[in-house]
Amino acid sequence: MHARRFFFCTLFSAALLGALSAQAAAPADSSSPLGTASADGTASVATSADGALTADVSASGAGTPLPSDAVSDAGTAPAASPAPAFAQHAFFVTAGPLLLVNTDSESAPSPLMFSVGMGASLWQQAPLGVQSRISFFTNYYLWRDDEAYPAEIENRTALALSALLDVCAVKTWMRRTQLLQAGAGAAVLARLAAQANGVSGADDEVKSIQRWFWQSYRWLYPELVFSWLHRLPQGRLSAGLEMRFYLPLGSLLSGDGMDAALISTAFKFSL
């Protein structure tokens, strides 16, 4: 059920962002012709509404077209090329569902949590940039057979307060108002176990869960990240989606496969 909710959350997020991007797209401005050419080869540039100089070049043969910046007021430099739509460095925030894969059939189904985060993208215009993010979420655990397992609320022993710190190398592609990023890196999952509300006499189990979190590389996650941003008009704000896949190094080394893997999808807003 949680996996199905996670899929529909992701689908709804993508559809909503696509609709907002289409509505925010501004129509291209039309411009009037710069000049006219007479039948005898005379090229002329019409006088602008604010009194700019008028250029008139006559020739017996074919005339040479005038560049658009060739005629300007005295002391006025040609217009500079437009700046890139996205800055070299950017700050962003994220919010969305996070799925924790649980392959144990005797504990809770894979829990679907809500995660919020913030981070920075550095050197976006370079061939390879760096992106770092920290995100926060909570979930319940129980202690059984010297292992900690995700727990439903009625079977909870400890509440885990989690902070996930990511550092990735990222490749960026920019095209007009669109930005795509793909990268890989590693994340450290720091978890603090506290006795859950309504539970008593479980101090030893909570301490065992806390130690279990930091054993056998359960805190280290290789990571893949993909994101898309659309630059909104009339401002520096960009909005889009991101997905992150966290591979559970501890489970892979111990033979538990993808148990404890993390899959994140989120709205992303960048400045």
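Predicted, not measured: the structure shown is a model, and the values here were computed from it. (Residues numbered from 1 in each chain as written. Predicted model: local features only at pLDDT ≥ 70, side-chain atom pairs only at ≥ 80, totals over all residues. Heavy atoms only, no water.)

(A) Inspection of helix α2 (residues 203-213) at higher detail. All buried positions along α2 are accounted for by Val206, Ser208, Ile209, Gln210, Trp212 and Phe213. The secondary structure elements touched by the buried residues of α2 are β6 (129-144), β7 (147-150), β8 (158-175) and β9 (178-195). (Buried < 20%, exposed > 50% of the residue type's maximum accessible area, 1.4 Å probe, protein only. Helix = DSSP H or I, 4+ residues; strand = E, 2+ residues; numbered from the N terminus. Contact = heavy atoms within 4.5 Å.)

(B) Highlighting the packing of aromatic side chains. For the structure on display, the rule yields seven aromatic pairs. Here the aromatic rings of Tyr217 and Trp219 are separated by 6.2 Å at their centres, their planes lie at 35°, and the arrangement is tilted. An aromatic cluster is defined as three or more aromatic residues linked by ring pairs; in this entry it consists of Tyr141, Trp212 and Phe213. Here Lys268 stacks its cationic end above the ring of Phe92, 4.4 Å away from the centre of that ring. (Phe/Tyr/Trp six-rings, centres within 6.5 Å; stacked < 30°, edge-to-face > 60°. Lys NZ or Arg CZ within 6 Å of the ring centre and 35° of its normal.)

(C) Up close: the pattern of salt bridges. Counted by the stated rule, this structure contains eight salt bridges. Residues Glu242 and Arg133 are paired through a salt bridge, measuring 3.0 Å at the closest nitrogen-oxygen approach. On the criterion of sequence distance, the pair formed by Glu242 in strand β11 (residues 238-246) and Arg133 in strand β6 is long-range, its members being 109 residues apart. Assigned by exposure class, Glu242 and Arg133 land together as buried. Here Glu223 and Arg244 are joined by a salt bridge, their closest N and O atoms 2.6 Å apart. Of this pair, Glu223 sits in strand β10 (residues 220-231) while Arg244 sits in strand β11, and the two are 21 residues apart along the sequence. Overall, the relative accessible area of 1% leaves Arg244 in the buried class. Salt bridges sharing partners connect three or more residues here, namely Arg133, Asp166, Glu223, Glu242 and Arg244. (Salt bridge = Lys/Arg side-chain N within 4 Å of Asp/Glu carboxyl O.)

(D) Structural view of the pairing of β11. Most of β11 is tucked away, with seven of its nine residues classed as buried. Bridge count between β10 and β11: nine bridges; the pairing is antiparallel. Each bridged residue has a counterpart across the sheet, and for Phe226 the counterpart in β11 is Met243. Between β10 and β11, which pair antiparallel in sequence order, lie six residues; one of them, Gln234, sits at a positive phi of approximately 55°. Sheet topology places β11 next to strand β12 (residues 262-270); nine bridges connect them, and they run antiparallel. Residue Tyr246 lies in a different strand from β12, and its bridge partner there is Leu262. (Pairing = 2+ DSSP bridges.)

(E) Looking closely at the environment of Ala202. Tracing the chain through its elements places Ala202 in the loop between β9 and α2. Take Ala202: its relative accessible area is 7%, and that puts it in the buried class. A sequence separation of 45 residues divides Ala202 from Thr157, and the C-alpha atoms of the two residues are 7.0 Å apart. Ignoring sequence-local partners within four residues, the contact set of Ala202 consists of Thr157 and Gln195.

(F) Inspection of the environment of Leu229 at higher detail. Position of Leu229 among the secondary structure elements: in strand β10. On the basis of relative accessibility, which here comes to 2%, the residue Leu229 falls in the buried class. Linking Leu229 and Phe86, residues 143 residues apart in sequence, is a C-alpha distance of 9.9 Å. In contact with Leu229, not counting residues within four places along its chain, are Phe86, Thr177, Gln178, Leu179, Ser238, Ala239, Gly240, Lys268 and Ser270.

(G) Up close: the nonpolar core. Among the nonpolar cores identified, the biggest contains 20 residues, and Tyr141, Leu164, Ile209, Phe213, Tyr221 and Leu262 are the most heavily contacted of them. Contributing elements (two or more residues each) for this core: β4 (90-100), β6, β8, β9 and α2. Top element by residues in this core is α2. It accounts for four residues. Not counting residues up to four positions away in its chain, the partners in contact with Leu164 are Arg133, Ile134, Ser135, Phe137, Ala187, Val188, Leu189, Tyr246 and Leu262. (Core = buried A, V, L, I, M, F, W, Y, C linked by side-chain atoms within 4.5 Å.)

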